[in-house]
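Spelled out from the first residue to the last, the chains are:
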Amino acid sequence: SWLSFSVYSYDRNIHSCYGTYGQNFEKWSYQLGARFENYEVEAIFNGEKVFEDDIFTIYPSGYFTYSPSEKNTYQLSYSRRIDRPGLGQVNPIREWSTPRIVSIGNPSLDPQFTNSIEANYTRKLNKGAITGGVFYRLITDEISRVLLENPDVEEGLILTFDNFKNNAAYGIELSSNYRIGKWWSINASFDLYGQTQKGVVENINKEVDAVIYNFRVNNSLKATKNLTFQIFGFYRGEKDGIQFKTKPFYFINTGARYNFLKGKGTASINFNDIFNTMQFRFSGDTPFVQHGQFQGETQTVFLGLSYRIGS
């Protein structure tokens, strides 16, 4: 008998500094800022360096707000942000496999950058507020799942991650919070946007246009002074991507919270994905015609107990 193992290290060093400056006038306010960051990464797999990078980036941000009255607010904002790959996305050690699919990470993944411009209007109501806005986002080096042909297995596939090219999205967002009664308050949001994706899969350049929408709603129900129940629902519509068409899905979470000892103690319970519907279902035709479904460990129960000392 013999035993084999692999060793993978992924070291990151991030050095950054930032500053902001803002002013308030009678009806106007603004804030400008920037973060300066140097990002170093080195990946070593079984003693061999498989990836390294050194990136210096500036992340500017700013917003301008105009409030002509107490109930009306207009805001224009710009920001640049980064989404770095997680360890599970860059780990080249096999995570799991079936007779046809092997799941591994990609050590050469680059970070994903997003430049976002948004314009919003907020109207205060007697029992809440409603916000509507438009946005434009440009995502470079978008990180996404891909399926590649496995040369070592007949009709086999490798499930991994890769960077796509530019992804432009533009759309609208609506959100609201409203207290229906003394015991019931609701938060809801809806976004609808168009998206253009560009990428290379199996050496084939592809471009896909899609329209996507999401809906969220959270209900807070106050049974007594100390007991509160919550019900959260989420729905995502169908999405066309570079390699997959993902099917719609929804999930519902519930929870309860009880305060005791004059509010210093809190007991809580959360039951996530109560109907076990949070499934990633897809179909595609590259590199083969395929239909798939993944089910994560999303149906969970959480019990919590906390006590606050002082303030």
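Structure: above.
Here's a quick rundown of the structure. Computed from a predicted structure; not experimentally measured.

What the protein chain contains, in helices and strands, is 1 helix and 21 strands. If one aligns the C-alpha atoms of the protein chain with their principal axes, the spans along those axes are about 65 × 45 × 40 Å. Expressed as a percentage of the 311 residues in the protein chain, the buried residues total 32%. By sequence separation, contacts in the protein chain at least 24 residues apart represent 55% of the contacts at least 6 residues apart. Total accessible area computed for the protein chain in this model is approximately 19,500 Å², and 55% of it derives from carbon and sulfur atoms. Both charge centroids of the protein chain, one from 32 positive and one from 31 negative side chains, sit 17 Å from each other.

A cluster of nonpolar residues, Val 134, Ile 172, Leu 192, Val 211, Tyr 213, Phe 215, Tyr 235, Tyr 250 and Phe 275, forms a patch on the protein surface that exposes about 790 Å² of accessible area. Here the element with the most residues in the nonpolar patch is strand β13 (residues 204-222); it accounts for 3 residues. Mapped onto the fold, Phe 275 is located in the loop between β18 (265-272) and β19 (279-284). Classification of Phe 275 by relative accessible area gives exposed; the value is 51%.

What follows concerns the nonpolar core. By size, the foremost hydrophobic cluster in this structure holds 11 residues: Tyr 8, Tyr 10, Tyr 39, Val 41, Ala 43, Phe 51, Ile 55, Val 90, Leu 109, Ile 143 and Phe 161. Contributing elements (two or more residues each) for this core: β1 (8-24), β2 (28-45) and β3 (48-69). Setting aside chain neighbours within four positions, we find Ile 55 in contact with Glu 37, Asn 38, Tyr 39 and Pro 111.

This part takes up the sheet that holds strand β16 (residues 245-246). Sheet architecture is open: 4 strands sit in the order β15-β16-β19-β20, paired in antiparallel fashion. Either end of the sheet is taken by a strand with one partner, and the two such strands are β15 (239-240) and β20 (290-295). Bridge count for β15 against β16 is 2 bridges, and the pairing is antiparallel. Among the inter-strand pairings, Asp 240 is bridged to a residue of β16, identified as Lys 245.

Bringing the side chain of Asp 191 into the picture now. Position of Asp 191 among the secondary structure elements: in strand β12 (residues 184-201). Overall, Asp 191 belongs to the buried group, its relative accessible area being 9%. Among the polar contacts made by the side chain of Asp 191, one reaches the side chain of Arg 216 at a distance of 3.3 Å.

Another point: the pairing of strand β14 (residues 227-236). With 9 bridges connecting them, β13 and β14 associate as antiparallel partners. Residue Val 217 lies in a different strand from β14, and its bridge partner there is Gly 233. By the bridge criterion, 10 bridges tie β14 to strand β17 (residues 249-260) in an arrangement that is antiparallel. Note that in β17 the partner of Phe 229 across the bridge is Ala 256.

All right, on to the pattern of salt bridges then. Under the criterion given, the structure shown has 9 salt bridges. Among the ionic pairs, Arg 81 bridges to Asp 83, the shortest N-O distance being 3.9 Å. Here Asp 240 and Lys 245 are joined by a salt bridge, their closest N and O atoms 3.8 Å apart. The class of Asp 240 is partly exposed, set by a relative accessible area of 30%. For Lys 245, a relative accessible area of 31% gives the class partly exposed. Connected through shared salt-bridge partners, Arg 35, Glu 37 and Arg 84 make up one network.

Basis of the calculations
- Residues numbered from 1 in each chain as written.
- Predicted model: local features only at pLDDT ≥ 70, side-chain atom pairs only at ≥ 80, totals over all residues.
- Heavy atoms only, no water.
- Helix = DSSP H or I, 4+ residues; strand = E, 2+ residues; numbered from the N terminus.
- Buried < 20%, exposed > 50% of the residue type's maximum accessible area, 1.4 Å probe, protein only.
- Contact = heavy atoms within 4.5 Å.
- Areas by Shrake-Rupley, 256 points an atom, 1.4 Å probe, with all protein chains shown as cover.
- Lys, Arg positive; Asp, Glu negative; His and termini not counted.
- Charge placed at Lys NZ, Arg CZ, Asp CG, Glu CD.
- Patch = residues over 30% accessible without salt bridge, like charges linked within 9 Å, V, L, I, M, F, W, Y side chains within 5 Å.
- Salt bridge = Lys/Arg side-chain N within 4 Å of Asp/Glu carboxyl O.
- Core = buried A, V, L, I, M, F, W, Y, C linked by side-chain atoms within 4.5 Å.
- Pairing = 2+ DSSP bridges.
- Polar contact = N/O pair within 3.5 Å; in protein donor to acceptor, adjacent residues only side chain to side chain.

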